[in-house]
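Chain residues, written in single-letter form:
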Amino acid sequence: MSDHTVKAFDEDITRLRGLIAEMGGLAEVAIQEALEALVRGDETLGDQVVARDKKIDALESEVDKLAVRIIALRAPMADDLREVIAALKIAGVVERIGDYSKNIAKRVGMIEGRDRFEPLTLLPAMGEIAGEMVHDVLTAYSARDPDLAREVIATDAKVDAFYNSIFRNLVSHMVENPATISSAAQLLFVARNLERIGDHATNVAEMVHFAATGVYPPEEER
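First, a word on what this report is: a plain description of the structure on this page.

The rules behind each value
- Residues numbered from 1 in each chain as written.
- Predicted model: local features only at pLDDT ≥ 70, side-chain atom pairs only at ≥ 80, totals over all residues.
- Heavy atoms only, no water.
- Helix = DSSP H or I, 4+ residues; strand = E, 2+ residues; numbered from the N terminus.
- Buried < 20%, exposed > 50% of the residue type's maximum accessible area, 1.4 Å probe, protein only.
- Axes fitted to C-alpha atoms, helices over the stretch in contact; angles between N-to-C directions.
- Parallel < 35°, antiparallel > 145°, perpendicular 65-115°, else oblique.
- Left-handed = near helix turned anticlockwise from the far one by under 90°.
- Nonpolar A, V, L, I, M, F, W, Y, C, P; charged D, E, K, R; others polar.
- Salt bridge = Lys/Arg side-chain N within 4 Å of Asp/Glu carboxyl O.
- Core = buried A, V, L, I, M, F, W, Y, C linked by side-chain atoms within 4.5 Å.
- Contact = heavy atoms within 4.5 Å.
- Phe/Tyr/Trp six-rings, centres within 6.5 Å; stacked < 30°, edge-to-face > 60°.
- Patch = residues over 30% accessible without salt bridge, like charges linked within 9 Å, V, L, I, M, F, W, Y side chains within 5 Å.
- Areas by Shrake-Rupley, 256 points an atom, 1.4 Å probe, with all protein chains shown as cover.

### Description of the environment of Glu206
(1) Moving on: In this fold, Glu206 is placed in helix H6 (residues 181-213).
(2) Moving on: Looking at Glu206, the relative accessible area reads 14%, which means it is buried.

Right under this line is the structure:
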C-alpha cells in the first residue's frame, strides 16, 4: 500500500472501532436503565430505553456500510481482514444485546406486586455482571487484548449461576403462589434475556480472540 492508502485504511479502521465503541456504550446504558426501570416500575424510563434502541440499529447499519467499503476499496489481507470481518460480526451481536435490553424494558408494566419477588433484588446484580462483560469485551476489542477476552469468557459462568438461582426461585414462587404466575413468568423472560446477553458477550470475546491471534480460545474455556 502507498502511504496515502495506509493512512486512509488506518482512518477507516479507527472509525470502525469508534462506531462499535459507541454501540457498546449505548448497549451498556440500555442494560442498566432497563433493569432500573423494571425494579422501580418506571414505564417512562422503559419507553426511553425502547426508543433509544433505534440508535443502536442505525450504528450497526453504519458499521455494515463502512466494513463493506473497506473490503471493496482497501482489499485488506490477513490480520486486517480478520479485524474487519470481526467488526461486522461484533456489530451484529451488540445490536442483539440492545434488543434484549429493549425486551426487558418492554416488560416494565407487566410486573405486579414487585415486593413479592426476591429475584427483583437479584436481577440488577446479574445485569451488572452482564453489563461489565459487554464493557470489558469491547475494551478487549479496542485494545486487541486476547487475555481480557478470555477473562470475559470465564465470567459468563457467574451469569449462568445467577440465572439458575433465579429460575429455581421463580418456579418455586409460581408453584406456591399461582396468582403470581403471570408476573413471575415475565421475570423469567428478563432473567433469560440477561443470560443471553452474557452468551453474546462471550461470542464477541471469542471473535476478539480470533481477530487478535488468528485462533479461537481453547474449547474447554468456551
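Having seen it, we continue.
### A word on the packing of helix H2 (residues 43-74) against helix H3 (residues 78-106)
(1) Moving on: At their nearest, the axes of H2 and H3 sit 9 Å apart, and the two run at 170° to each other. Comparing the axis directions of H2 and H3 gives the class roughly antiparallel. As H2 packs across H3, the resulting crossing turns out to be left-handed.
(2) Moving on: Of the residues contributing to the contact of H2 with H3, the split by class is 15 nonpolar, four polar and eight charged.

### Examining the pattern of salt bridges
(1) Moving on: Evaluated as defined, the whole model comprises twelve salt bridges.
(2) Moving on: For the salt bridge of Arg17 with Glu83, the shortest nitrogen-to-oxygen distance reads 2.6 Å. Within this pair, whereas Arg17 is found in helix H1 (residues 3-40), its partner Glu83 is found in helix H3, the two being separated by 66 residues in sequence.
(3) Moving on: With a relative accessible area of 5%, Glu83 lands in the buried category.
(4) Moving on: Here Arg52 ties to Glu33 by a salt bridge, and the two come within 2.0 Å at their closest N and O atoms. Of this pair, Arg52 sits in helix H2 while Glu33 is found in helix H1, placing the two residues 19 residues apart along the sequence.
(5) Moving on: Arg52 gets classed as partly exposed once you look at its relative accessible area, which sits at 35%.
(6) Moving on: One continuous salt-bridge network, built from bridges that share partners, spans Asp53, Arg96, Asp99 and Lys102.

### Describing the nonpolar core
(1) Moving on: Residues Ile90, Leu123 and Leu194 are the most contacted members of the largest nonpolar core, which totals 65 residues.
(2) Moving on: Those elements giving two or more residues to this core turn out to be H1, H2, H3, helix H4 (119-143), helix H5 (146-176) and H6.
(3) Moving on: Per-element tally for this core: the top contributor is H6, with 13 residues.
(4) Moving on: Excluding residues within four positions of it along the chain, Leu123 makes contact with Leu35, Leu38, Ile166, Leu187, Val190, Ala191 and Leu194.

### Thoughts on the packing of H3 against H6
(1) Moving on: Where H3 contacts H6, the axes come no closer than 9 Å and their chain directions differ by 170°. With respect to H6, the element H3 is oriented roughly antiparallel.
(2) Moving on: Grouping the amino acids of the contact of H3 with H6 by side-chain chemistry returns 16 nonpolar, five polar and four charged.

### Digging into the packing of aromatic side chains
(1) Moving on: Evaluated as defined, the whole model comprises two aromatic pairs.
(2) Moving on: Taking 6.1 Å as the distance between ring centres and 40° as the angle between the ring planes, the aromatic pair formed by Tyr163 and Phe167 counts as tilted. Taken together, the residues Tyr163 and Phe167, both in helix H5 and four residues apart, mark about one turn of the helix.
(3) Moving on: For Phe167, a relative accessible area of 38% translates into the label partly exposed.
(4) Moving on: With a centroid separation of 4.7 Å and an interplanar angle of 15°, the aromatic rings of Phe210 and Tyr216 are classed as stacked.
(5) Moving on: For Phe210, a relative accessible area of 27% translates into the label partly exposed.

### Observations concerning the environment of Glu22
(1) Moving on: If you trace the backbone, Glu22 turns up in helix H1.
(2) Moving on: It is 8.0 Å that separates the C-alpha atoms of Glu22 and Leu59, two residues lying 37 residues apart in sequence.
(3) Moving on: Contact partners of Glu22, with chain neighbours within four places excluded, come to Lys55 and Leu59.

### What to know about a nonpolar patch on the surface
(1) Moving on: A contiguous nonpolar patch, built from Ile71, Leu81 and Ile85 and spanning about 190 Å² of accessible area, is present on the exposed surface.
(2) Moving on: Along the chain, Ile85 turns up in helix H3.
(3) Moving on: When its relative accessible area of 33% is taken as the criterion, Ile85 is described as partly exposed.

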